[in-house]
Amino acid sequence: MFNDCYTRNKEVVSSPPLPFYLFSVGEKRLLRGETAEMGSLKNSFCELVFGISGVGELTLYDKNYLCNPGDVFYYLSGEEHRHHALSAEWTTRWVCFDGPLAAATLLAYQYPRLQRGTGGLPEELYRTLKRAVSDSDYQQVRRTSRLVGTLLAELYPENPAGEQSSLLVKQCMEWIQSHLTDPALDLTLLCDTFGVGKRTLTRLFHEKIGMPPGQYIRSRRLTEAQILLMGTDLPVREIARKCGFSCLSSFIRFIRNDLGSSPLAYRRRNRRAPEGAE
């Protein structure tokens, strides 16, 4: 784990009187499988977490949020922090701020916990905050607080709503394909992972691909089963597992309902003869 942290010199700032003050700024880099945690008692500040590269999970109250590049997530003071890397390398940057109205100001914008497609933390602003966080000059503290306020005000998606919706559906489709083996894969898991409501995601899938998420998951499982039955010699039980079925009888019923025959009968009927065979 790599952690590049720049923190305010004084633990408590009371002058000049401001609604909030920059507390720390930095960059965290985790390798696949690594986890970084911080207990609630240590967090006296609000934190913005920006996805820079790679993919990881942020956890809040036992709920996981998938964080991609360009996403931003926030923690309030007193909340436990947990970062877990899913890709080979996951890089995030953070901006922490505290003060009498820190949480109230953040909550006033009514942002979702995970905001997608914000474009991330601008490089020049990140460098400016790194230089300024330890400066105790009266005017510099005020200027830094103003920069944090501007950052909060601009945490909205940079893409138009239509493009952002298309991106979300695309990400969901890719995630479904990579998690077909999970028997728990369904609309609820999809919504929990991407931090979106069931009605909203169902509507977006209908608009973009003409079917609800549950039907899309079923169609991908069916296609995967057909490919494996026709193109491999894998046992039916193993194919069932790869398609997300923990119960063999449920898989057989699934194939029979959709393809009109048992898995083995479908394989025999559709198996290609070796080249040159008559």
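Residues numbered from 1 in each chain as written. Predicted model: local features only at pLDDT ≥ 70, side-chain atom pairs only at ≥ 80, totals over all residues. Heavy atoms only, no water.

## A closer look at the sheet that holds strand β6 (residues 63-67)
No. 1: If you walk across this open sheet you meet the four strands as β3-β8-β5-β6, and the pairing is antiparallel. Unpaired on one side and paired on the other, β3 (35-38) and β6 mark the two borders of the sheet. Averaged over neighbouring strand pairs, the angle between their axes works out to 20° when direction is ignored.
No. 2: As defined by bridge partners, β3 adjoins strand β8 (residues 81-85) across four bridges and the pair is classed as antiparallel. What sits directly across from Ala36, in β8, is His83. (Pairing = 2+ DSSP bridges. Helix = DSSP H or I, 4+ residues; strand = E, 2+ residues; numbered from the N terminus. Axes fitted to C-alpha atoms, helices over the stretch in contact; angles between N-to-C directions.)

## Notes on empty space enclosed by the protein
No. 1: On inspection of all chains with the given rule, the structure shows one cavity of 30 Å³ or more.
No. 2: Taken as a whole, the largest cavity encloses approximately 50 Å³ of empty space.
No. 3: With three residues, the single largest contributor to the lining of the largest cavity is strand β7 (residues 72-75). (1 Å grid on protein atoms, 1.4 Å probe; cavity = no way out; pocket = protein on both sides within 12 Å on 5 of 7 lines; lining within 4 Å. Points joined across faces, edges and corners; volume = space filled by probe spheres on them.)

## Observations concerning the confidence of the model for the protein chain
No. 1: When pLDDT is averaged along the protein chain, the result is 87, and 91% of the positions lie at 70 or above.
No. 2: When pLDDT is averaged over each element of the protein chain, helix α8 (residues 236-242) comes out on top at 96 and helix α4 (residues 161-178) at the bottom at 82.
No. 3: Low pLDDT (under 50) marks residues 273-278, which in the prediction has zero contacts with non-local residues, meaning those over four places away or in another chain. (pLDDT = per-residue confidence, 0-100. Contact = heavy atoms within 4.5 Å.)

## Topic: the sheet that holds strand β2 (residues 21-31)
No. 1: Spatially, the six strands line up as an open sheet ordered β1-β2-β9-β4-β7-β10, and their pairing is antiparallel. Only two strands of the sheet have a single partner each, and these edge strands are β1 (2-7) and β10 (114-115).
No. 2: By the bridge criterion, 10 bridges tie β2 to strand β9 (residues 89-98) in an arrangement that is antiparallel. Among the inter-strand pairings, Ser24 is bridged to a residue of β9, identified as Cys96.

## Quick word on the pattern of salt bridges
No. 1: Under the counting rule described, the total for this entry stands at 13 salt bridges.
No. 2: The residue Arg93 makes a salt bridge to Glu123 at a minimum N-O spacing of 2.7 Å. Remark: Glu123 occurs in helix α2 (residues 123-132) and Arg93 occurs in strand β9; sequence separation between them is 30 residues.
No. 3: On the accessibility criterion, Arg93 (11% relative accessible area) is buried.
No. 4: Between Arg203 and Glu207 there is a salt bridge, with its nearest N and O atoms 3.1 Å apart. Here Glu207 and Arg203 lie together in helix α6 (residues 198-209), a separation of four residues that amounts to about one turn.
No. 5: Under the relative-accessibility criterion, Glu207 is labelled partly exposed at 48%.
No. 6: Each of Glu27, Arg29, Arg93, Glu123 and Arg127 takes part in one network of salt bridges that share partners. (Salt bridge = Lys/Arg side-chain N within 4 Å of Asp/Glu carboxyl O. Buried < 20%, exposed > 50% of the residue type's maximum accessible area, 1.4 Å probe, protein only.)

## What about α2?
Because an α-helix packs 3.6 residues into every turn, residues spaced three or four apart end up facing the same way.
No. 1: Along α2, the positions that sit buried rather than exposed are Leu125, Tyr126, Leu129 and Ala132. For α2, the angular spread of the buried residues around the axis is 135°, confining them to a single face. Opposite the buried face of α2, at more than 90 degrees from it, the exposed residues are Glu124 and Arg131.
No. 2: In this structure, the buried residues of α2 make contact with β1, β2, β9 and α3 (138-153). (Arc of directions from axis to C-beta.)

## What to know about the environment of Thr188
No. 1: Among the structural elements, Thr188 can be located in helix α5 (residues 187-194).
No. 2: Along the primary structure Thr188 and Ser87 are separated by 101 residues, whereas in three dimensions their C-alpha atoms are 23 Å apart.

## What about the pairing of β7?
No. 1: Of the two faces of β7, the one holding Val72 and Tyr74 and the one holding Phe73 and Tyr75 are both buried throughout.
No. 2: Of the pairings in the sheet, the one linking strand β4 (residues 46-53) to β7 comprises four bridges and is antiparallel in character. Following the sheet pairing, Val49 is matched in β7 by Phe73.
No. 3: In the sheet, β7 pairs with β10 via two bridges, with the strands oriented antiparallel. Of the residues in β10, the one forming a bridge with Phe73 is Leu114.

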